[in-house]
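# Overview (structure and organization)
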Amino acid sequence: MKELMLTANKIRQDVIEMLVEAGSGHSAGPLGMADVFTALYFNHARINPKKPWDENRDRIVLSNGHICPVWYATLAERGFFPVRELKTLRKINSRLQGHPHARELPGIENSGGPLGQGCNIGVGMALAGKMDKKNWRVYALLSDGELNEGCDWEAFMLAAKYELDNLCFIIDRNNIQIEGPSDKVMPLEPLKKKLESFNLHVIEVNGNDFKQVLNALEKAGKTKGMPTAIIAKTTPGKGVSFMENDYKWHGKPPNKEEAEKALKELRRQRTELL
Ligand SMILES: Cc1ncc(C[n+]2csc(CCOP(=O)(O)OP(=O)(O)O)c2C)c(N)n1
Ligand SMILES: [Mg+2]
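Computed from a predicted model, the values in this text were never measured in an experiment. (Residues numbered from 1 in each chain as written. Chains lettered and ligands numbered in written order. Predicted model: local features only at pLDDT ≥ 70, side-chain atom pairs only at ≥ 80, totals over all residues.)

All right, on to the overall build of the protein then. The helix and strand inventory of the protein stands at ten helices and seven strands. Relative to its length of 274 residues, the protein is compact, with a C-alpha radius of gyration of 17 Å against a globular reference of 19 Å. For the C-alpha atoms alone, the extent of the protein along its principal axes is close to 50 × 45 × 40 Å. Per-residue burial over the protein gives 49% buried out of 274 residues. For the protein, the share of sequence-separated contacts (at least 6 apart) that also reach a separation of at least 24 residues comes to 77%. (Helix = DSSP H or I, 4+ residues; strand = E, 2+ residues; numbered from the N terminus. Rg over C-alpha atoms; globule rule 2.2 N^0.38 Å. Buried ≥ 20, exposed ≤ 12 C-beta atoms within 10 Å, placed from the backbone. Contact = placed C-beta atoms within 7 Å.)

See the structure below:
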């Protein structure tokens, strides 16, 4: 657990360093989801950085593509590509675009940006896996703001219809989106009941608690006959006090001074862990 926490802390530091260098990009979502990404790539999912496109790999798809700094940082720290490349985020000719480009980098399974697209891609992959009787699983990462998109709910219906128990949605329930608190923009509650009524197996967890996240992933793997949706309640901006729970950090990078402050806080958290 401690090792996972240290890894997530390093990933958060990478995210801050990438964003201040780029001068644009999203802060809150990536920091909030660092623990879920770490749990998947450093513990739970069957992936191999040496064989990123191995036919038997689990597929991890990111539908809320704007939080890709955390995807890039996780893949680099896991050895999919050099950590030094992270500093090219959003630069001309970089493989690390502001929104992910499928297969541009090892481990990037889907293009993202238009919310809802990755959710549907994940369902399609899981359906294909079922039809081909494959053992690999699909993890489709979504966000709460994204659930304003009707096409996500169409995808849920299809996933339930075909009993895609090889599919696990993970919803970043961080209560913020681009224009304000999620439930103020478009109320989602009772979210668990809604998802259950779409015939999904729903598990609610604290998305910043490794034990809860790993437990839920394991339960999802054992669920038969229906897809699972993990509602991961996360703190947007997690680890950086002045960014936490403030929707204004949805799509804003830190300036130099703010980045220094953020890194100081994250380094202190690292020392406390050691
Ligand atoms: C189809 C579509 N509509 C609108 C947008 C613009 N957009 C980008 S991010 C975002 C908010 C999404 O909410 P969420 O993912 O919960 O934001 P976060 O938690 O990361 O702050 C919106 C509306 C988009 N990318 N795609
Ligand atoms: Mg959100």
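Counted at 1.5 Å a residue, the expected span for helix α1 (residues 2-22) with its 21 residues is 30 Å, and the 30 Å between its end C-alpha atoms agrees. Within the sequence span of α1, burial applies to T7, A8, N9, I11, R12, D14, V15, I16, M18, L19 and V20. Elements that come into contact with the buried residues of α1 comprise α2 (28-32), α3 (34-44), α4 (68-77) and α10 (256-273). (Expected span 1.5 Å × (residues − 1).)

So, on to the packing of α1 against α3. Viewed as axis vectors pointing N to C, α1 and α3 meet at an angle of 120°, and their least axial separation amounts to 9 Å. One element, α1, and the other, α3, form an angle in the oblique class. The two elements α1 and α3 meet at a crossing, and its hand is right-handed. Facing α1, whose interface residues are L4, T7, A8, I11 and R12, α3 presents A34, D35, F37, T38, A39, F42 and N43. Taken together, the residues of the contact of α1 with α3 sort by class into seven nonpolar, three polar and two charged. (Axes fitted to C-alpha atoms, helices over the stretch in contact; angles between N-to-C directions. Parallel < 35°, antiparallel > 145°, perpendicular 65-115°, else oblique. Left-handed = near helix turned anticlockwise from the far one by under 90°. Nonpolar A, V, L, I, M, F, W, Y, C, P; charged D, E, K, R; others polar.)

Here strand β7 (residues 228-233) lies mainly inside the structure; five of its six residues are buried. Pairing of strand β3 (residues 167-173) with β7 involves six bridges; the strand directions are parallel. The partner of R173 across the bridge, within β7, is K233. As judged from the six bridges shared by strand β6 (residues 201-206) and β7, these two strands associate in the parallel manner. Bridging across to β7, H201 finds its partner in T228. Following the chain from β6 across helix α9 (residues 210-222) to the adjacent parallel β7, one finds a crossover that is right-handed. (Pairing = 2+ DSSP bridges. Right-handed = clockwise from strand over helix to strand, strands pointing away.)

Around ligand 1 lies a shell of 21 residues, among which G29, S143, G145, Q177 and H250 are the nearest. Every element with two or more residues in the shell around ligand 1 is listed here: α2 and β4 (176-177). Its residues placed into classes, the shell around ligand 1 shows seven nonpolar, eleven polar and three charged. (Near = placed C-beta within 6 Å.)

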